[in-house]
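Tertiary structure, described
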Amino acid sequence: MEISKNYEPLEFEKRWNEYWLANKFARPVQKPDGAKKFVIVIPPPNITAILHLGHALNNLIQDVLIRRKRMLGLETLWLPGTDHAGIATQNMVERELLKQGKTREQVGRDEFVKMLWEWKNDKGDKIIEQLKEIGCSCDWTRTRFTLDSDMSRAVREVFVKLYEEGLIYNGKYIINWCPRCKTALSDDEVEHENEQGNLWFIKYPYVDNPSDGIVVATTRPETMLGDTAVAVHPEDERYRDLIGKKVMLPLVEPIRSGISYEGESVDVSAEIPIIGDWEVSKEFGTGAVKITPAHDPNDYWSGKRNNLPIVVVIDENANMNRNSNKYIGQDRYEAREQIVEDLKKRNLIVKIEPHAHAVGHCYRCHTAIEPYLSSQWFVKMKPLAEPAIEIVRREKIKFLPQRWEGVYFNWMNNIRDWCISRQLWWGHRIPVWYGPDSKVFVAIDEDEALAKARDFYRRDDIELTRDPDVLDTWFSSWLWPFAIMGWPEITDDLVKYYPSDVLVTASEIIFFWVARMIMAGEHFCGEIPFHTVYIHGTVRDASGRKMSKSLGNGIDPLDVVEIYGRDALRYTLMSQASAGQDLFLDMKSFEVGRNFANKVWNASRLLFLNLDDDKFTKNEIENPVPKTLLDKWILSRFADAVEQVNSAFENFRLDDAVRTLHRFFWSEFCDWFLEGAKLRLKSDRDEKILALSIFEPLLKLMHPILPYLTEELWQKLGKIIDGLITDDNPTIMLAKYPESMDFAKFRDKITDNNFSAIMELVNSVRNIKGETGIGNRKVGTIEIIAADENAKRLLIEQVDFIKLLAKIEDVKIVEQKPSGPCGTSAIAIGQVFLALAGLVDIAKEIARLSKEIAKLENTLNGTRKKLSNKKFIENAPKSVIDTERDKETKFSEKLEILKEQLSGMQE
């Protein structure tokens, strides 16, 4: 049977993609009750997302896992879907509106939401189509979206339940506010970036002695207009006697408008007290700090402890408001510059020092966030976190690598309440309605809210106003594992497929998503959402920088597909998919995958050419009859490879599985078996059967990594192996995956050891020929002094094989060292000699060896001198010392070999 000479993946990959999708092979095959299942729920990508290597890595890991479990006969489900991505999607559509000179407020909420749905339906499935392009074998018939109606029902059910349990509340607190997106952000949605700023030292004059005052240090002079106190540590001897005195706040009106912590309006004087607060650091700045309860989260709690009023001076646009006197309407940074100038004019700036500090930014638009006093909805997290901590502590859920459990525990033990309301229009509307007197009604839908209101007010003519805010995107995402199965209804899918088995994700969303899913699964279902959390690394460029659009160093996976093929993309990523370890890639990295796939293609072509037009049965290739040591060895090695690959997959060591496949296929199957058996393959039917008995299951073993290539080759095998492809088994996707028990009978340690001895002999002859310049020519006779009778018997049996692979003319077993110049090597099977007279220039070879020995002796002496230096041993790092000791060992061994070769030349 012939196949094309060149490996051209684009000629068949798309065809097999379409075949798999059209036939829906990824749908779960129903098994009897009690049968093993394997379920993965996809981390839903945002509908605004475009495929990048991070997506590819994450989803291809899942695909490899699910393909293998499907082939093992488990009832498998990989359930896909997308996230509505509140801020990101709204920003995307708002930008398009701005191009038309319009804002969302101008078009109105209903029309804007309609535009968002149109955008989603038109462009929101792009990432799904791209995942299909790289072979992700999800059950695409079940694709879910976080704004689906049943998902919305689950979200509302959870909100109502938590509210009734006292775990959701509305409160006025300092929150993270994005003035660009005009919405609240949770702590986990704020990215902190180090920035070089200043520390301004400002004098606040004493009311009773304006010529003197207390000096405070601040990074934000613009918020001083909202100060309501100056705080010092109660035990700071510098200031202890000042506690209770009042200072005059510069640059403000005598009276400002404020509120109390109870929400009542109050007038706030420009005369503010010096208070003692145990949370103040004596070491920061001067040890005296300004307290601005409306614009700093720490100051907010200090104000509450000390019963201070609250004065807001920055609005939701990050502009100064009416409390800011003449600075009203100015941007916060513009106001900062003006305020500093005005303070300088009054001689109230004592000094300015450079100061590096972390500034929070919106994770979506990267605008600096503003701590903002606002009424928001929150979830009390501590009661939910406590059982979730115990779940991981008792190892009901395991993190891989385990070190991420420490990160999980640290966050959970210090968890804060979750701000869940967002001032957006795209998302799950908060299920809260307000009565005429602002009475709150929380309900599943408006009908239920009206029923509650009518019952409360004891009349029917009630008009309710719905809360305008939507829920944080993560509020639907934390319900993903069970909501997509139909919860709160007890559906067949929920019973059968919840919980899932493994979550594959990146470390940066342990807080956003993983921890919250564990809490939600336990609280609402009474069961963990998954058993294993596999944390993969970050994709970086060859210089170690994280790939990103802003740096322009990203690689489009679909560009990789066009240049190298889908299997090359998959193989390369999986070869580096060590749990928790970052990947370092450039475009040339994918040549590794292309080269391996090309090797598989070329070896297959060689095998097919030797099969001629022979036909075989499935039963024949499942029952090979090994005749030679080579046959027995390759079967034994394949049994070992099957065991190692399965073990690596079960332990989520995908890179180890790839390495095992590479080593077996490239080195053992191609370099030794095919090379050693190619003469018999042409004419010996039993040898053809034996080769196919390894090649066919080997394709299945490789399928999760290289699905396209293995499908193409397996389908070709189906044309010559009767019974391989059937109506029930039309694709390699559904073929039985090789397991250790299937090949255990071929494991043979004696065979492995014997063949290893022959391999060592062949390699030693190749080395002698290479080092002496003979090269790969078929020349010479080797003479061997056998180590013992067993070695002699093995050599006699394998003479023809040795001659073929070592490319020599004859093999002789002798009792003593031959005369004349020889290349020599001492190995386990005995002493090997290759007569060199007539093959090389002996004088030149002696000169070469002598020169190499002298050079190596100098190098070795230098290493030994370093190791004998007491100061070096005492001061050098252990790793450096160990490296030098390794060098000494290697140089010594190499020197002995060279001296032995020189001795052989001088006979």
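Let us look at the structure shown here. (Residues numbered from 1 in each chain as written. Predicted model: local features only at pLDDT ≥ 70, side-chain atom pairs only at ≥ 80, totals over all residues. Heavy atoms only, no water.)

What to know about the overall build of the protein
Helix and strand counts for the protein come out as 31 helices and 33 strands. Taken against the 2.2 N^0.38 rule, which gives 29 Å for 907 residues, the C-alpha radius of gyration of the protein at 37 Å runs more than 25% over that of a compact globule. Across its three principal directions, the C-alpha atoms of the protein cover 115 × 75 × 50 Å. Per-residue burial over the protein gives 55% buried out of 907 residues. At a minimum sequence separation of 6, the contacts of the protein that also span at least 24 residues come to 77%. Here the protein has roughly 40,200 Å² of accessible surface; of this, 47% comes from carbon and sulfur atoms. Once the 123 positive and 140 negative side-chain charges of the protein are each reduced to a mean point, those two points are 3 Å apart. (Helix = DSSP H or I, 4+ residues; strand = E, 2+ residues; numbered from the N terminus. Rg over C-alpha atoms; globule rule 2.2 N^0.38 Å. Buried < 20%, exposed > 50% of the residue type's maximum accessible area, 1.4 Å probe, protein only. Contact = heavy atoms within 4.5 Å. Areas by Shrake-Rupley, 256 points an atom, 1.4 Å probe, with all protein chains shown as cover. Lys, Arg positive; Asp, Glu negative; His and termini not counted. Charge placed at Lys NZ, Arg CZ, Asp CG, Glu CD.)

Considering the side chain of Arg-570
By secondary structure assignment, the location of Arg-570 is in helix α18 (residues 566–575). Not counting residues up to four positions away in its chain, the partners in contact with Arg-570 are Leu-60, Asp-63, Val-64, Arg-67, Ile-134, Gly-135, Pro-704, Ile-705, Pro-707 and Tyr-708.

Overview of the packing of aromatic side chains
Tallied over the full model, the rule gives 49 aromatic pairs. Geometrically, the ring pair formed by Trp-418 and Phe-475 is tilted, given 5.8 Å between the ring centres and 40 degrees between the ring planes. Separated by 57 residues along the polypeptide, Trp-418 in strand β18 (residues 418–419) and Phe-475 in helix α13 (residues 473–477) bring together distant segments of the chain. An identical accessibility class is assigned to Trp-418 and Phe-475; each is buried. Ring geometry for Phe-665 against Phe-669: centres 5.8 Å apart, planes inclined by 25 degrees, an arrangement best described as stacked. Remark: Phe-669 and Phe-665 occur in helix α22 (residues 654–681); sequence separation between them is four residues, near one turn of the helix. (Phe/Tyr/Trp six-rings, centres within 6.5 Å; stacked < 30°, edge-to-face > 60°.)

Quick look at the packing of helix α29 (residues 842–867) against helix α31 (residues 878–905)
It is the contact of α29 with α31, at a shortest axis distance of 9 Å, that shows an interaxial angle of 155 degrees. The orientation of α29 relative to α31 falls into the category roughly antiparallel. The two elements α29 and α31 cross, and the hand of that crossing is left-handed. A class-by-class count of the residues in the contact of α29 with α31 yields 13 nonpolar, five polar and eleven charged. (Axes fitted to C-alpha atoms, helices over the stretch in contact; angles between N-to-C directions. Parallel < 35°, antiparallel > 145°, perpendicular 65-115°, else oblique. Left-handed = near helix turned anticlockwise from the far one by under 90°. Nonpolar A, V, L, I, M, F, W, Y, C, P; charged D, E, K, R; others polar.)

Brief notes about the environment of Thr-367
Note that Thr-367 resides in the loop between β15 (349–362) and β16 (370–379). Residues contacting Thr-367, with those up to four places away along its chain left out, are Cys-178, Pro-179, Arg-180, Arg-332, Gly-360, His-361 and Cys-362.

Thoughts on the nonpolar core
Grouped together as the largest cluster of nonpolar side chains are 224 residues, with contacts concentrated most on Phe-475, Leu-573 and Met-574. At 13 residues, α22 tops the list of elements feeding residues into this core. Setting aside chain neighbours within four positions, we find Met-574 in contact with Leu-57, Leu-60, Ile-61, Val-64, Leu-654, Asp-655, Val-658 and Ile-705. If you look at the next biggest cluster of nonpolar residues, it comprises 32 residues, including Leu-225, Val-232, Val-268 and Met-320. (Core = buried A, V, L, I, M, F, W, Y, C linked by side-chain atoms within 4.5 Å.)

Section: the sheet that holds strand β20 (residues 432–434)
Each strand in a sheet pairs with another by means of backbone hydrogen bonds, the pair being arranged parallel or else antiparallel. Strand order in this open sheet of three strands is β21-β20-β22, and the pairing throughout is antiparallel. With partners counted over all chains shown, the strands left at the sheet margins are β21 (440–442) and β22 (465–466), one partner each. When β20 meets β21, the two strands line up antiparallel, connected through three bridges. Bridge assignment links Val-432 to a residue of β21, and that residue is Val-442. (Pairing = 2+ DSSP bridges.)

Some remarks on the state of the cysteines
The term disulfide refers to a covalent linkage connecting the sulfur atoms of a pair of cysteines. Taken as a whole, this structure holds zero disulfides when the rule is applied. With no disulfide partner, Cys-178 has as its closest neighbouring cysteine sulfur the one in Cys-365, 3.4 Å distant. A relative accessible area of 0% means that Cys-178 is categorised as buried. (Disulfide = S-S within 2.5 Å.)

Observations regarding the pairing of strand β30 (residues 781–786)
Here four bridges tie β30 to strand β31 (residues 810–813), and the two strands are oriented parallel to one another. The partner of Glu-783 across the bridge, within β31, is Lys-812. Judged from the five bridges that link them, β30 and strand β33 (residues 830–835) form a sheet pairing that is antiparallel. In the strand pairing of β33, Ala-786 is matched with Gly-830.

Here's the deal with the pattern of salt bridges
A pair can form between side chains of opposite charge whenever their charged atoms are brought close. Taken as a whole, this structure holds 68 salt bridges when the rule is applied. Note that Lys-618 is salt-bridged to Glu-622, the shortest N-O span being 2.6 Å. Notably, a salt bridge pairs Lys-792 with Glu-789, separated by 3.6 Å at the nearest N-O pair. Taken together, the positions of Lys-792 and Glu-789, both in helix α27 (residues 789–797) and three residues apart, correspond to about one turn of that helix. A relative accessible area of 52% places Glu-789 in the exposed class. (Salt bridge = Lys/Arg side-chain N within 4 Å of Asp/Glu carboxyl O.)

Here we look at the pairing of strand β9 (residues 229–232)
Alternating positions in β9 separate into two faces, Ala-229 and Ala-231 on one and Val-230 and Val-232 on the other, with burial throughout. As defined by bridge partners, β9 adjoins strand β14 (residues 288–291) across four bridges and the pair is classed as antiparallel. Each residue of the ladder has a partner; that of Ala-229, found in β14, is Ile-291. Inspection of the sheet shows β9 paired to strand β13 (residues 271–276) by three bridges, in the parallel sense.

A word on helix α8 (residues 297–305)
Think of an α-helix as 3.6 residues a turn; residues three or four steps apart then line up on the same face. Buried within α8 we find Asp-299, Tyr-300, Ser-302 and Gly-303. Mapping the buried residues of α8 onto a view down its axis gives an arc of 165 degrees, with all of them on the same face. Looking one or two residues past α8, Asn-307 carries a phi angle of roughly 55 degrees, positive in sign. (Arc of directions from axis to C-beta.)

Here we look at helix α11 (residues 404–413)
Residues of α11 that are buried: Trp-404, Glu-405, Tyr-408, Phe-409, Trp-411 and Met-412. Angular distribution of buried residues about the axis of α11 spans 165 degrees; they occupy a single face of the element.

Things to note about the sheet that holds strand β25 (residues 532–536)
The strand order across the open sheet built from three strands is β17-β25-β24, with neighbouring strands paired in parallel fashion. Strand pairing shows two members of the sheet lacking a second neighbour, β17 (398–400) and β24 (502–506), which therefore form its edges. Between one strand and the next, the sheet's axes are offset by a mean angle of 20 degrees, whatever the strand orientation. Looking at chain direction, β17 and β25 are connected through three bridges and run parallel. In the sheet register, Phe-399 faces β25, and the bridge partner there is Val-533.

Quick notes on a negative patch on the surface
Judged by side-chain charge, Asp-110, Glu-111, Glu-118 and Asp-122 come together as a negatively charged surface patch. Among the structural elements, Asp-122 can be located in helix α5 (residues 109–123). What makes Asp-122 exposed here is its relative accessible area of 59%. (Patch = residues over 30% accessible without salt bridge, like charges linked within 9 Å, V, L, I, M, F, W, Y side chains within 5 Å.)

Remarks on unusual backbone geometry
Between Trp-487 and the following residue, Pro-488, the backbone shows a cis peptide bond with an omega angle of 15 degrees. A cis amide bond links Tyr-498 to the next residue, Pro-499, at an omega of 0 degrees. Within the secondary structure, Pro-499 is located in the loop between α15 (492–497) and β24. One non-glycine residue, Lys-182, lies in positive phi territory at about 55 degrees. Note that Lys-182 resides in the loop between β5 (168–178) and β6 (183–185). A residue is classified by how much of its surface remains accessible, and Lys-182, at 29% relative accessible area, is partly exposed. Non-glycine residue Asp-612 carries a positive phi angle of around 55 degrees. Note on placement: Asp-612 falls in the loop between α19 (591–611) and β28 (616–617). Judged by relative accessible area, which is 31%, Asp-612 ranks as partly exposed.

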